[in-house]
Amino acid sequence: MQLSLDADSETPIYQQIRDRIVEAIATGELVAGSALPSTRQLGTDLAINFHTVNKAYDLLRQEGLIRVNRKSGAVVRRDPRSGPPEAPFPDDWQARLRTLLAEAAAQGVDQDEVRRRVGGVLDTFTARDLTETETETEVEAETKTEGARA
Amino acid sequence: MTMPLVTDLLAITLVTVLGWSLPLLTRPELPFGVRVPPGYAADPAVVGERRRHARRVLGLGALAAAVTVVASAAAPDPYGTPAVTLAPALTLALADALLYGLAHRRIRAAKAREGWYAGTRQGITADTRLRTERVRLPWPWLAPAVLVLLATAAVGIARYGGLPPTLPTAHGLAVDASDRVRTTLMTAFAPVLVQAALTLLMPLLTAVLTRARPDLDAARPAGSARRYRAYLARLVRPIAFGTACANLTVLLLALRLWETRPLAGPLPPGPATALTCAPLALAVVAWLVFEFRVGQAGHRLPATPEEAAETSPLVQREDDRHWHLAGFVYANRTDPALFVHQRSGGPTWTMNLGHPATWTLIAALTLLAPLALTATR
C-alpha cells in the first residue's frame, strides 16, 4: 500500500498513519492477514521516530483492526468481509459521524450535497470489491468454458 | 610526447568528463543536489545553470590541458614522483568541485528568492509492499565472480610449488619486479584473499543497501514505487559484473606477481598494467550504461500511461537543510535511516552523519586502519 504523509497537515503524523491504514483496509488494498512493516522499518521509510509508528499501530490494535505479536509482527485482523463489527463500535462511530455531519450542517452544506459526497466516498470503498467480484466471475466463466470445450 | 604528459592528459580528460557528467547523473528534481518541486526541474534558472556549468567545466579542462602541454614543452621532465605527476588533474578536480558548489548555491538562492515551494503541500511517501513483499534479488549473477575466484585459487595452487624464493610486489595495479618479498603462503595467495573478500563483501553490501530507505517521490507515489522495485531487481547486475571484473583484474595481477608468462616476461610493464586495468574499465562502462538506462531509484525507466497521468496533492518534502557540501553529505539526527540515497553522483548511497552508528563505524575504522597498516608492514 502507498502511505503518503502530509508534513504540512495539522493532523498528527501517527493519526495520519492510522487513517491511511484504515482507508487501505476499507478499499481492499489490505485484507485480513496482510502483513504490515515493522515499526522500525516504517519509521525509517517515513523518516520519523519508530515510537510514532508504534502509537499508530497501538491505536489500530485497540480498534481491533490489527493484531501485533512478537513473532509475526503487525498483521491486519479485520476487513470488510470479516462480518459485523463488535458491539460498542456502531454507537461510537455514530457519535463521531454526528459531529462530522454537524460540521457540514453548521457550515451550511446542503443535505443533498452531503448525501452525494458521502455516496461518492462509499463508492470508492466498494469499487475494488466489485472489481474483484467481477474478475472472479470472469475467471469462473472462463474456467467453465474451457471445461466444456475439454 | 612523454609518458607523464600522456598520463596527465588522460587524467585531465577523465576529470573533465566526470565533472561535466555529474549533474546529468542526478534526478531532474535534484539539480546540483538541490531539491526542487517537479514543476521547477526545467525552470530557466536550472537550465541556465546547467549550461553555464557545462561550459565552465569544458573550458577549464581545455585550459588545464593547454597549460600542461606548454609546461611539458618548457620543462620536458618536470615531474619527480607519481603524486606530482597528477598535480594538474587534482587541481582541475578541485576547481570542478568548486564550480559544482557554486552552481548548487545559485540554484538554492533562486529557489529561496522566488519561493518555489510557496503554496505547495510537502509530504513523504512509503510503499509498505517493499518491506512485506521484498524484491527477490537475482543472486545467480554473482556466479562469474565466484568462478574467477575459484580459477585464481586453482592457478595459484598449481603454480605454488614452482614459485621462485621471492616475489615482486604490487604498487596499485603496477608490478615492481625490483622490490621483492619472500615467498610465503600469505604473500603468494594474497590476491586470492583479496578476491574472496570482494566476493563476500559485495553481496553483503548489496543486501544491506537494498534494505535502505527506498527513494520514492511523494508527487508520484505509485510510479516511483514501481520503478524502485525494477531498479532494485536490476541493481545486482552491475554490482555482480563489477565484482567479476575486479576479480579478473586481481587474477591478471596475480599472474604477473606469480611471474607467469606471457603477462610477466615478453609483455612490457606498461601494456601489462593496461591489460590488468581493462576489466575495471569495462566495469565502469557497465555502471555508466546502467546509470543512463535505469538511473538513480529507476527514474530513467519509462513510466506506464497510468503513471504518467498520476497526480498527488503533495510534493516531496524539501530537506535541503540536512544536506551539506553541495548535497554530498547528509546529517539529520531525527532521521532513523543509516544509509540514504546520495543526491549527487549516480546510484550511490551515503551514511547519515546524524546517526550514532555512523560515528561508531568511523571511530572503529580510525582505530583499525593504523593497526592494519602496522600488521601489513
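About the cut-offs
- Residues numbered from 1 in each chain as written.
- Chains lettered and ligands numbered in written order.
- Predicted model: local features only at pLDDT ≥ 70, side-chain atom pairs only at ≥ 80, totals over all residues.
- Heavy atoms only, no water.
- Salt bridge = Lys/Arg side-chain N within 4 Å of Asp/Glu carboxyl O.
- Helix = DSSP H or I, 4+ residues; strand = E, 2+ residues; numbered from the N terminus.
- Phe/Tyr/Trp six-rings, centres within 6.5 Å; stacked < 30°, edge-to-face > 60°.
- Buried < 20%, exposed > 50% of the residue type's maximum accessible area, 1.4 Å probe, protein only.
- Expected span 1.5 Å × (residues − 1).
- Bend = angle between axes of the 7 residues up to and from the residue.
- Contact = heavy atoms within 4.5 Å.
- Buried area = accessible area lost by both parts, 1.4 Å probe.
- Polar contact = N/O pair within 3.5 Å; in protein donor to acceptor, adjacent residues only side chain to side chain.
- Nonpolar A, V, L, I, M, F, W, Y, C, P; charged D, E, K, R; others polar.
- Pairing = 2+ DSSP bridges.

1. Digging into the pattern of salt bridges
Where charged atoms from two side chains of opposite charge approach closely, those side chains can pair.
Residue and element names in this part refer to chain B.
Then comes step 1: Across all of its chains, the model carries 25 salt bridges over all chains by this definition.
Then comes step 2: Here E307 and R226 are joined by a salt bridge, their closest N and O atoms 2.8 Å apart. Of the two residues, E307 sits in helix α11 (residues 305-308) while R226 sits in helix α9 (residues 221-257), which places them 81 residues apart along the sequence.
Then comes step 3: One continuous salt-bridge network, built from bridges that share partners, spans R35, K111, E318, D319, D320 and R343.

2. Examining the packing of aromatic side chains
Residues and elements named next belong to chain B.
Then comes step 1: What the rule picks out here adds up to eight aromatic pairs over all chains.
Then comes step 2: Between Y228 and Y231, the aromatic rings sit 5.4 Å apart at their centres with planes inclined by 45°, giving tilted as the arrangement. Separated by three residues within a single helix, Y228 and Y231 lie in helix α9, roughly one turn from each other.
Then comes step 3: Residue classification places Y228 among the buried positions, given a relative accessible area of 1%.
Then comes step 4: Residue Y231 is classed as buried on the basis of its relative accessible area of 0%.
Then comes step 5: On the basis of an interplanar angle of 45° and a centroid distance of 4.7 Å, the ring pair of W323 and Y330 is categorised as tilted.

3. Remarks on α9(B)
All names here are of chain B.
Then comes step 1: For α9, built from 37 residues, the straight-helix expectation of 54 Å at 1.5 Å per residue is met to within 8% by its first-to-last C-alpha distance of 53 Å.
Then comes step 2: Along its length, α9 reaches its greatest deviation from straightness, about 30°, at A233.
Then comes step 3: Where burial is concerned, most of α9 is hidden: 29 out of the 37 residues are buried.
Then comes step 4: Remark: E259 follows α9 within two positions and exhibits a positive phi of approximately 50°.

4. Notes on the interface of chain A and chain B
Then comes step 1: Between chain A and chain B, the residue contacts involve 20 residues of the former and 24 residues of the latter.
Then comes step 2: Of the roughly 2000 Å² buried between chain A and chain B, counting both surfaces, carbon and sulfur atoms make up 49%.
Then comes step 3: Linking chain A with chain B are two salt bridges, by the criterion used here.
Then comes step 4: One salt bridge connects B:R131 with A:D45, and the closest N-O pair in it is separated by 2.5 Å.
Then comes step 5: Inspection of the chain A/chain B interface yields 10 residue pairs in polar contact (both at pLDDT 80 or more).
Then comes step 6: Breaking the side of chain A that touches chain B down by element, the ones donating at least two residues are β1 (2-6) and α2 (39-45) of chain A.
Then comes step 7: Here the side of chain A that touches chain B is composed, by residue class, of 11 nonpolar, six polar and three charged.
Then comes step 8: In the sheet, β1(A) pairs with strand β1 (residues 121-127) of chain B via five bridges, with the strands oriented antiparallel. Across the sheet, the residue bridging to A:L5 is B:I124, located in β1(B).

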